[in-house]
Each structure stands twice: as C-alpha cells, then as structure tokens.
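What follows is each chain in one-letter form.
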Amino acid sequence: MQVLSVASEVYPLVKTGGLADVAGALPLALAHHGVRVRTLMPGYPAVMHATRDRTPVMAIADLLGHPAEIVETNHRGLDLLILDCPALFDREGGPYLDAAGKDHADNWRRFAALSRAGALIAQGGMDGWQPDLVHVHDWQAALVPVYMRYATTPEIPSLITIHNIAFQGQYGADIFKHLELPPHAFSIEGVEYFGSVGFLKGGMQASWAISTVSPSYAEEILTPEFGMGLEGLLAHRFDDLVGIVNGIDATVWNPESDAHIAAPYGIGTLKGRAANKRAVEARFGLAPGSGPVFCVISRLTWQKGMDVLAEVLDDLVQLGVRLAVLGSGDRALENVFHAAAARHPGGVALISAYDEPLSHLMQAGCDGIIIPSRFEPCGLTQLYGLRYGCVPIVARTGGLNDTVIDASPAALSARAATGISFGPVTAGNLLRAVRRAVRLYQEPRVWTAMQKQGMKSDVSWDMSAGLYASLYSDLLMRKGA
Ligand code: ADP
C-alpha cells in the first residue's frame, strides 16, 4: 500500500509540537505493516539545509501564483517529498511565525499551496508514483481532499487527522478567489465556514474519514465545550470518526541508550536515575535535596493549564516539591513563573526555551511530570514520562485520560497504577493531585512500582500503526465497493 502523508512539520527536521513527532514516527512504524509512506512537507530553510541528495521529481509552473518544484530525498529513513517554493517558504522565522513572533501574513497561501501540491501528487501528477491513499494532518494540509474533490480527475481515498481542533485555519472570505477552487466550493459542502474560509472545516467535509489522536478526544470534540464550533459537522460525520492514540518513537526515546541524558538506565536499574536527577538540579539551579523534583515541559499557554499551575506554585514549594519548568509561550505566564522562581530560589526554576536535549534529561531525572491541560488531544510528554519512569500527574482529559492509569486504591492494589490523574482542572484539584503524588513518593516501594508499571506500558507506535493500517485498508475497500 502506498500512502502520501502531508504535514507542515516533521521531526527531526522541523518541530513546534506533537504533530511533528507523529508525522516523523508514524511512517517508520507503518513500514512494519506493509505500508509505504512518502511525506510531503514544505521546504523551509531548515529542511533545505538538513537534507542532501535531493532529486527533482515534479515541476509546478504555477502553484497559486508561484513556480515550485517537488524534490525527493531520504532523511533518516523517511521518504520525503519536499515542496521547494522559495517565494512561500524560504524566509526567516518558524514554520508559522515570522522572526518577530507574528503569523506570516500569507499563511493561508503557503498552506493552500502545500495542499494543492499534495492533491496534484495524489491525483497522479508525479511521474512514476501515485499513492493509493492520502493522509493529511491538521488545517495546514486540510485542503488536499478539498482540491481533490473539486478536480476533474478521480479522487483517491483520504484521511484527515486532527491533532488539535483549536487550530482551524480560518480566514476572511476575500482569500477564496485566490485558492483556485470553483465558485461552488464556497458552500457548506466545501470550505465556507460561518461566512469565512475554514481550512480544517473544508478538509473534514471532504475527507473520506476523520481521525483524532485519542479515543477520549474523539468523543470530547463532539461536544460544544471541546468541538470549537465543529461539533455539528463531526456529529454529521460520526460514522467516519475514529480516535487512535499516538505512540512514541521508542528509539529516540529510550532511557537505556539516550545520548542526551547524564546516565543511562532501565527498568531493572532505576537507581541510575539519581545521576540524571543531580544533573537536572544543576541545570535548573535547584537546591539538592531528598524530596521530589517534578517538571513541566510544555508550551506555556491556557490550553496547557499553565495559569492554573501558576496559582499553586507557592503551595507546591510548601509541600516540599522542587519544580523545573521548561517552556515558553505566553509572556505574562512566563513572568509569573519567573517571579515564583525569584521568590523561591532553589525551589522553582524556569528555563524559557525550546530545548529538545534538555527535555530528555528532565524525563530521565525528574520524579514526575505535571500536565494540567484543559484539553489535550493526545499529549506526548506523559508518554515519554511513562517510558522514562517520570510519573505523570495529569488532568483527566483527552489522551491523558487514555494513557495514564490513576493511582486509585484499586489500581494500586492491582499494581496497575502508572500515574495520578485529576479533574476538572482547578487550582484546588491540581494541588490535591500533587499532594497525593508527594504522599506516594514518600513510600518508595509504591512509587517504584508505579514507575515500573509505567515503563512497562506499551507506548510504542506498534498497536496504533496497526490501527491506521487497517483504517487505510477499509478506505481502499470502500473505494473498490
Ligand atoms: P502540543 O503538540 O500540544 O504542544 P504534545 O504533548 O502533543 O503537545 O507535544 C509537545 C512536544 O513538544 C513534546 O515532544 C514535548 O517534549 C515537546 N516540547 C514542548 N515544549 C518543549 C520545550 N520547551 N523544549 C523542548 N521540547 C518541548
């Protein structure tokens, strides 16, 4: 089976969040299930610098007003098709934001172009290769099935995966004329969305199936609280909606061989974590001590419940917790954490940066990871936590709910517990959860059992890749029917 995956970020080339991890790891896992994936992504400067031996495979004279080329290469086992279109992608800043931290003004054109190129490939525009199915991720790739739907050539089956329904790619109606779609695509069956153009909405309408990244989140987004306006459309497509939990790349995230950590360890050598804990204390300037070090590795935003955590920082210190925070985002929140760090030197520390190697060390050295998200489609940091014996303390929502087993009395006595969960997300509930964690930490046998149970959880891509492979097969059968 040949699949074209289309994504706006792919680890290890470009990453701003979990989407990149998934787009980078799922193709490798699918290879074990007889699926060959080629991934189309934009040729940002970081991608062009990191890749070598690129071969042109398709020229597009006019891609929404700009000349472009598709070049192919292989990067660390990933079969990549790179959209080389300097006018849209060769610029400073990140994939979505400019150097000043503002959205690129033409993001709608950049990602419509990515989608347009994906649709051209899907429909046989490339010499020598055509996929059987196309799998697109998030709003940035969501117009692929839309372009296929309104083209004259027959469409192939499509799947759209929603990694976060909060990001929908919604733009004023005035951009519609530039998308090169027929006028009737500006309709309820097409991209029209409350009078504007909705990329994600259009993609959800046109895709043969819709998936999201955990079963709980698939249920939650059917409600007004989580559906962000798209719950009605989802209810309509209910039969085509499925939740498949993300896995992690267990070769990148393996405490036995991780080059980013101070000392390797495994489930039988948990004592080896101590050296990593010392290294975390040193990096963050935390006072050495025998109590727990908990961490946060996150975008500092409202979604992630960071304002709720900020409310209880003084209480955590009172409980004897030392807290290491790695993250950036909301300036006001960053300031709150900096202020807490100033009030509690050695007790609370913030490194406001995006630092992939440090995130590995923290998972290896901290005793627990706090994830108080208001909503969490899947969440990856709790999965890394499980694999590294860094006990997750999580809000009971979305993928956090599907992957962490709360230390209830029943779960503890069955030795099934892998973490602590709480809800709804309020300061009081978060504080109670951390208090519970501290109490469990003070019983080393119980805590170690939880760590080990977490490390035994299957957080690999194996099972989920199998679910994607059978979903692909179902869609291909539907095509044949
Ligand atoms: P989201 O995609 O909503 O940001 P996820 O938990 O799905 O949340 O994925 C976040 C990814 O980004 C994880 O791989 C996490 O380790 C990583 N990450 C988040 N913030 C940082 C940071 N400041 N430094 C390094 N890695 C980070």
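Residues numbered from 1 in each chain as written. Predicted model: local features only at pLDDT ≥ 70, side-chain atom pairs only at ≥ 80, totals over all residues. Heavy atoms only, no water.

This paragraph deals with unusual backbone geometry. With an omega of 5°, the peptide bond between Y11 and P12 qualifies as cis. Mapped onto the elements of the fold, P12 is located in the loop between β1 (2–6) and α1 (18–31). Here the bond from G423 into P424 is cis, since omega is -10°, no more than 30 degrees from zero. Of note in the backbone geometry, M228 takes a positive phi value of approximately 50° without being a glycine. (Helix = DSSP H or I, 4+ residues; strand = E, 2+ residues; numbered from the N terminus.)

What follows is about helix α10 (residues 273–284). Counted at 1.5 Å a residue, the expected span for α10 with its twelve residues is 16 Å, and the 17 Å between its end C-alpha atoms agrees. Buried within α10 we find R273, N276, K277, V280, E281 and F284. Each buried residue of α10 sits inside an arc of 145° when the element is viewed along its axis, so together they form one side. Following α10 by one or two positions, G285 adopts a phi angle in the positive range, close to 70°. (Expected span 1.5 Å × (residues − 1). Buried < 20%, exposed > 50% of the residue type's maximum accessible area, 1.4 Å probe, protein only. Arc of directions from axis to C-beta.)

Turning our attention to the packing of aromatic side chains. Taken as a whole and assessed by the stated rule, the structure comprises 15 aromatic pairs. Both rings, one in F176 and one in F186, keep their centres 5.2 Å apart while their planes meet at 55°; by these two values the pair is tilted. Taken together, the residues span a long stretch of sequence, with F176 in the loop between β8 (170–171) and β9 (192–193) and F186 in the loop between β8 and β9 at a distance of ten residues. Each ring, one from W253 and one from Y384, has its centre 3.6 Å from the other, and the planes form 15°; the classification is stacked. With W253 in the loop between β12 (241–243) and α10 and Y384 in helix α15 (residues 381–388), the pair connects residues that are 131 residues apart, well separated along the chain. One exposure class covers both W253 and Y384, and it is buried. Aromatic ring contacts, followed pair by pair, group Y44, F89, Y96, F111, W139, Y171 and F199 into a single cluster. (Phe/Tyr/Trp six-rings, centres within 6.5 Å; stacked < 30°, edge-to-face > 60°.)

As a further point, take the pattern of salt bridges. For the structure shown, the criterion picks out 17 salt bridges. A salt bridge links R278 to E281; the shortest N-O distance between them is 3.0 Å. With R278 and E281 both in helix α10, this residue pair falls three residues apart, about one helical turn. Overall, E281 belongs to the buried group, its relative accessible area being 4%. One continuous salt-bridge network, built from bridges that share partners, spans K15, D21 and E356. (Salt bridge = Lys/Arg side-chain N within 4 Å of Asp/Glu carboxyl O.)

Once that is clear, we can look at the nonpolar core. Across soluble globular proteins, nonpolar side chains show a tendency to be buried alongside one another. With 76 residues, the main nonpolar core has L40, L83 and L179 as its most contacted residues. Considering every element that reaches this core, the biggest residue donor is helix α4 (residues 107–122), with nine residues. Those residues in contact with L179 that lie beyond four places of it in its chain are L64, W108, A112, L143, Y147, V197 and F199. (Core = buried A, V, L, I, M, F, W, Y, C linked by side-chain atoms within 4.5 Å. Contact = heavy atoms within 4.5 Å.)

Side chains of K271, R415, R445, K452 and K456 sit close together on the surface and give a patch of like positive charge. Following the sequence through the fold, K456 ends up in helix α19 (residues 444–456). (Patch = residues over 30% accessible without salt bridge, like charges linked within 9 Å, V, L, I, M, F, W, Y side chains within 5 Å. Areas by Shrake-Rupley, 256 points an atom, 1.4 Å probe, with all protein chains shown as cover. Lys, Arg positive; Asp, Glu negative; His and termini not counted. Charge placed at Lys NZ, Arg CZ, Asp CG, Glu CD.)

A few words now on empty space enclosed by the protein. With the rule as written, the count across this model stands at one cavity of 30 Å³ or more. Lining the largest cavity, in full, are V3, S5, A23, L26, P27, L30, V37, H135, H137 and Y472. Secondary-structure elements contributing two or more residues to the lining of the largest cavity are β1, α1 and β6 (133–137). In terms of residue class, the lining of the largest cavity is built from seven nonpolar, three polar and no charged. (1 Å grid on protein atoms, 1.4 Å probe; cavity = no way out; pocket = protein on both sides within 12 Å on 5 of 7 lines; lining within 4 Å. Points joined across faces, edges and corners; volume = space filled by probe spheres on them. Nonpolar A, V, L, I, M, F, W, Y, C, P; charged D, E, K, R; others polar.)

Attention shifts here to the site of the ligand. Around the ligand, a shell composed of 19 residues is seen, among which K15, G18, D21, R299 and A353 lie nearest. One of the backbone N or O atoms of G18 is found 2.7 Å from an oxygen atom in the ligand. Compared with its free state, where it exposes 560 Å², the ligand has 92% of that area covered by protein. Mapped onto the shell around the ligand, the elements with two or more residues apiece are α1, β13 (293–300), β14 (322–329), α14 (356–365) and α15. For the shell around the ligand, the element with the most residues is β13, which contributes three residues. Counted by class, the shell around the ligand contains six nonpolar, seven polar and six charged residues. Residues lining the shell around the ligand come from more than one domain, with at least three contributed by each of domain 1 (2–247 + 462–480) and domain 2 (270–456). (Near = heavy atom within 4 Å. Polar contact = N/O pair within 3.5 Å; in protein donor to acceptor, adjacent residues only side chain to side chain. Domains from an automatic or database assignment.)

The subject of this paragraph is the domain arrangement of the protein chain. Looking at the assigned domains, one finds that the protein chain contains domain 1 (2–247 + 462–480) and domain 2 (270–456). Across the contact, 20 residues belong to domain 1 and 18 residues belong to domain 2. Taken over both partners, the interface formed by domain 1 and domain 2 buries close to 1,300 Å², and the fraction arising from carbon and sulfur atoms is 58%. The tally of links from domain 1 across to domain 2 stands at one salt bridge. In this structure, K15 engages E356 in a salt bridge whose closest nitrogen and oxygen atoms are separated by 3.4 Å. Run the count over domain 1 and domain 2 and you get nine residue pairs in polar contact (both at pLDDT 80 or more). Listed by contribution, the elements that provide at least two residues to the side of domain 1 that touches domain 2 are α1 and α7 (215–220). A per-element tally of the side of domain 1 that touches domain 2 places α7 first, with four residues. Of the residues contributing to the side of domain 1 that touches domain 2, the split by class is nine nonpolar, eight polar and three charged. (Buried area = accessible area lost by both parts, 1.4 Å probe.)

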